[in-house]
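For reference, the chains in residue letters:
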Amino acid sequence: MFRGNHPAKIDEKGRLKLPSAFKQLAESAQVNEFYVTSVEGDFAQVWPLPEWLKREDQLAASSEFEEAARKYLARTSYWGQQVELDAQSRIVLPQLLRKSAGLDDVEVTVIGMRDHIEVHNRQKFEAAMQAESFTADDRRTMAELLRRKD
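Reading guide: rules and limits
Residues numbered from 1 in each chain as written. Predicted model: local features only at pLDDT ≥ 70, side-chain atom pairs only at ≥ 80, totals over all residues. Heavy atoms only, no water. Helix = DSSP H or I, 4+ residues; strand = E, 2+ residues; numbered from the N terminus. Rg over C-alpha atoms; globule rule 2.2 N^0.38 Å. Contact = heavy atoms within 4.5 Å. Areas by Shrake-Rupley, 256 points an atom, 1.4 Å probe, with all protein chains shown as cover. Patch = residues over 30% accessible without salt bridge, like charges linked within 9 Å, V, L, I, M, F, W, Y side chains within 5 Å. Salt bridge = Lys/Arg side-chain N within 4 Å of Asp/Glu carboxyl O. Buried < 20%, exposed > 50% of the residue type's maximum accessible area, 1.4 Å probe, protein only. Phe/Tyr/Trp six-rings, centres within 6.5 Å; stacked < 30°, edge-to-face > 60°. Polar contact = N/O pair within 3.5 Å; in protein donor to acceptor, adjacent residues only side chain to side chain.

(A) Geometry of the overall build of the chain. In terms of helices and strands, the chain carries 6 helices and 8 strands. In the chain, the order of α-helices and β-strands from amino to carboxyl end is β-β-α-β-β-α-α-β-β-α-β-β-α-α. Taken over C-alpha atoms, the radius of gyration comes to 16 Å for the chain, in line with the 15 Å a tight globule of 150 residues would show. When contacts within the chain are restricted to residue pairs at least 6 apart in sequence, long-range pairs at least 24 apart make up 62% of them. Carbon and sulfur atoms make up 50% of the accessible area of the chain, which totals about 9800 Å².

Here it is, written out as structure tokens:
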């Protein structure tokens, strides 16, 4: 399970070095292929390929006429690219996505989201967190969600 925040930088060739904690998780699961994508092009999602394949299977089970599923697949295919971990534990982020998300030559934040990783432009991410606080309504919603799990 991916969790936590790991500041990083994308190198001049568009490669992200996986944070060591995430690299260890991938190694223990024997994963060296990933699917890098986005829904809106505003940040990158890095999915271990087996997890992405599960997601595709879930979508395949829905009707091919379901508009939301079609849009999701079109967007994640447009931004997406299957990549392999190199010997230095780096993956290449697609150029189109790097440009759209503002990930070239800036500090990024690499956040664990349980079954995948998100890569955000650090400055934009921190500004968005400041602009959108965690409200009392959010706290009530979280309390309800957590109660349902019991």
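(B) Spotlight on a nonpolar patch on the surface. On the surface, F134, M142, L145 and L146 cluster together into a nonpolar patch covering about 370 Å² of accessible area. Relative to the helices and strands, L146 resides in helix α6 (residues 136-149).

(C) A look at the environment of V106. With respect to the secondary-structure elements, V106 resides in the loop between α4 (95-101) and β7 (107-112). By relative accessible area, which is 24% here, V106 ends up partly exposed. Separated by 29 residues in sequence, V106 and T135 place their C-alpha atoms 30 Å apart. Dropping the residues within four chain positions of it, V106 is found in contact with A8, K9, I10 and N121.

(D) Highlighting the packing of aromatic side chains. In this structure the tally under the stated criterion is 5 aromatic pairs. For the pair Y35 and W52, a centre-to-centre distance of 4.8 Å together with 25 degrees between the ring planes defines the contact as stacked. Here W52 lies in helix α2 (residues 49-61) and Y35 lies in strand β3 (residues 33-37), a separation of 17 residues in the sequence. Pairing W47 with W52 gives two aromatic rings, centres 5.5 Å apart and planes at 65 degrees, and the pair type is edge-to-face. Residue class for W52 comes out buried when judged on its relative accessible area of 2%. Grouped by ring-pair contacts, the aromatic residues Y35, W47, W52 and Y72 constitute a single cluster.

(E) Main features of the side chain of H116. Along the chain, H116 turns up in the loop between β7 and β8 (117-121). The buried category is assigned to H116, whose relative accessible area is 9%. At 2.9 Å, the side chain of H116 and the side chain of D115 are in polar contact. Among residues more than four places away in sequence, those in contact with H116 are F2, Q45, V46, W47, P48 and I111.

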